[in-house]
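Residue strings, one per chain:
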Amino acid sequence: MMAELRLLISPEEIATRVAELGEEISRDHSGHPLVLVGILKGAFIFMADLCRAIKIPHEIDFVRLASYGSGTTSGEITITKDIELPVAGKEVIVVEDIIDTGRTLLYLEDVIKLHRPAVVKRCCLIDKPERRQVDIFIDYVGFHVPRGFLVGYGLDYAERYRHLPGIYEVLGV
Ligand code: 5GP
Ligand code: MG
Ligand code: MG
């Protein structure tokens, strides 16, 4: 059965905002070698667009996290693919699709810090603060969305809808 979707953010709005984020990241750069670390799978499309909007040289890596819980919430988090590039002494920007409770990000940062980076920053496409459980500052935010379950532009609902070019709210979740 098809879920009912409502368009929240158009592909044009996403492109404009991602270009701005790329400029901000390029301008703010600390001088340490820059590495973007994307969280699979949700951030793959955002990462692909963001890295092309960053005008300074940088490296790209991905991590994959698994969370055991129900389909739409985060339960116990484990890492199933760690970073592979050396990040010691580098500036790491964690690229996340959505920050919801904030637990995924804090878990991942503990793992990344074991590799002794110089700086760790946070970048998310969507800041969804309604269910936040931890007090975290997000350096780069694409959009603030107060609530709702979102899909498209890499985000899934039971592995569907990642390919949609805009961001939609799933109605009735
Ligand atoms: P949290 O910040 O709660 O630890 O976890 C956030 C993760 O849960 C996100 O990276 C994303 O993978 C998933 N998530 C949270 N809210 C949504 C949403 O509205 N839509 C989708 N597709 N995933 C979400
Ligand atoms: Mg995610
Ligand atoms: Mg998911």
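Structure first, text after, so check above.
Numbers given to residues run from 1 along each chain, matching the order in which its sequence is written. Chains carry letters and ligands carry numbers; both start at the beginning, A for chains and 1 for ligands, and go up in the order they are written. Totals for whole chains, interfaces and linings use all residues, but because this is a predicted model, local features are given only for residues with pLDDT of at least 70 and pairs of side-chain atoms are given and counted only at 80 or more. Values shown for side chains rest on all heavy atoms present in the structure; no hydrogens or waters enter the calculation.

Notes on the state of the cysteines
We apply this condition: Note on disulfides: each one is a pair of cysteine sulfur atoms within 2.5 Å. Here the term buried applies to any residue with accessible area under 20% of the maximum for its type, exposed to any over 50%, and partly exposed to those in between, with areas from a 1.4 Å probe on protein chains only.
The full count for this structure, using the stated rule, is zero disulfides. Between cysteine 123, a cysteine without a disulfide, and cysteine 124, which holds the nearest cysteine sulfur, the sulfur-to-sulfur distance is 6.7 Å. Overall, cysteine 123 belongs to the buried group, its relative accessible area being 1%. The class of cysteine 124 is buried, set by a relative accessible area of 0%.

So, the pattern of salt bridges
Side chains bearing opposite charge may pair, as long as their charged atoms lie close to each other. Rules: We define a salt bridge as a contact between a side-chain nitrogen of Lys or Arg and a carboxyl oxygen of Asp or Glu at a distance within 4 Å. The secondary structure listing takes helices from DSSP runs of H or I that are at least 4 residues long and strands from runs of E that are at least 2 residues long, numbered from the N terminus.
For the structure shown, the criterion picks out 16 salt bridges. Close ionic contact of lysine 90 with glutamate 59 constitutes a salt bridge, the shortest N to O distance being 2.9 Å. Of this pair, lysine 90 sits in the loop between strand E4 (76-81) and strand E5 (91-99) while glutamate 59 sits in strand E3 (residues 59-68), and the two are 31 residues apart along the sequence. Residue classification places glutamate 59 among the partly exposed positions, given a relative accessible area of 33%. Between arginine 132 and aspartate 127 there is a salt bridge, with the nearest N and O atoms lying 2.6 Å from each other.

Comments concerning the environment of leucine 171
Turning to its location among the elements, leucine 171 is positioned in strand E9 (residues 167-171). Using a relative accessible area of 31% as the deciding quantity, one classes leucine 171 as partly exposed. Along the chain, leucine 171 and glycine 102 lie 69 residues apart, while their C-alpha atoms are 23 Å from each other.

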